[in-house]
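# Observations on the model geometry
Here's the letter readout for the chains.
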Amino acid sequence: MADTTIMVIHGPNLDRLGVREPGIYGSQTLDSINALIEQEARALDVAVEIHQTNHEGEIVSLIWDAADRCDGLVINPAAYTHYSIAIRDAIAGSGLPAIEVHLSNIHAREEFRRQSVIAPVARGQISGLGPLGYVLALRALVSLARD
Ligand code: DQA
């Protein structure tokens, strides 16, 4: 599987993890979550490319870049989850298996967070498990690719 590459995309405001509403998102920084993802990738013998951006169009471009070069996508679209048809269309168009990850349980929060426009085009969604969600998403993609 060393020839398998998974792209991980963290959306807006996730660069502030650790200081941003720690009661909801936990105390781990994005760097420490990324270290966890890289550790799991080594264990699974896959390559990961990790990106964070606060810009919707950049996420769209990253997804199309992944479509050409990668085998799967782990994405936390953050607030864009709830309304970005552009990101949804890019995922659908890319044909890549994508796992949508949320640190918090979006279904147990405000009404507007319960809807994901991404979920219908994702292979699956992991919500509410904190940083572990990224690790499980990576495992799921590798396991699905081996099927
Ligand atoms: C989030 C949930 C979103 O509703 C929110 O806008 C985020 C983070 C999560 O990881 O729990 O920024 O995607």
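Notes on the structure follow.

All right, on to the nonpolar core then. In terms of nonpolar packing, the biggest core is built from 22 residues, with Leu 17, Val 74, Leu 103, Tyr 134 and Leu 138 touching the most fellow members. Secondary structure elements with two or more residues in this core: strand S1 (5-10), helix H2 (30-44), strand S4 (98-102) and helix H6 (132-146). When neighbours within four sequence positions are excluded, Tyr 134 is seen to be in contact with Val 8, His 10, Leu 14, Ile 33, Ile 37, Val 74, Asn 76, Val 101 and Leu 103. Residues Val 60, Tyr 80, Ala 90 and Ile 118 belong to the second largest nonpolar core, which totals 18 residues.

This paragraph deals with the environment of Ala 90. Counting through the fold element by element, Ala 90 comes out in helix H4 (residues 85-94). In the structure, Ala 90 is positioned 31 residues away from Ile 59 in sequence and 8.9 Å away in space, judged by C-alpha atoms. When near neighbours in sequence (up to four residues on either side) are disregarded, Ala 90 contacts Val 60, Ile 63 and Trp 64.

Attention shifts here to helix H3 (residues 56-69). Each α-helix turn comprises 3.6 residues. Residues three or four places apart therefore point the same way. Here H3 spans 20 Å end to end across 14 residues, near enough to the 20 Å set by a 1.5 Å rise per residue. For H3, the full list of buried residues reads Ile 59, Val 60, Leu 62, Ile 63 and Ala 66. The buried residues of H3 occupy one face: seen down the axis, they fall within an arc of 160 degrees. Next to the buried residues of H3 lie S1, strand S2 (47-52), strand S3 (72-76) and H4.

Reading guide: rules and limits
Residues numbered from 1 in each chain as written. Predicted model: local features only at pLDDT ≥ 70, side-chain atom pairs only at ≥ 80, totals over all residues. Heavy atoms only, no water. Core = buried A, V, L, I, M, F, W, Y, C linked by side-chain atoms within 4.5 Å. Buried < 20%, exposed > 50% of the residue type's maximum accessible area, 1.4 Å probe, protein only. Helix = DSSP H or I, 4+ residues; strand = E, 2+ residues; numbered from the N terminus. Contact = heavy atoms within 4.5 Å. Expected span 1.5 Å × (residues − 1). Arc of directions from axis to C-beta.

Any functional reading would require information beyond the geometric quantities listed.
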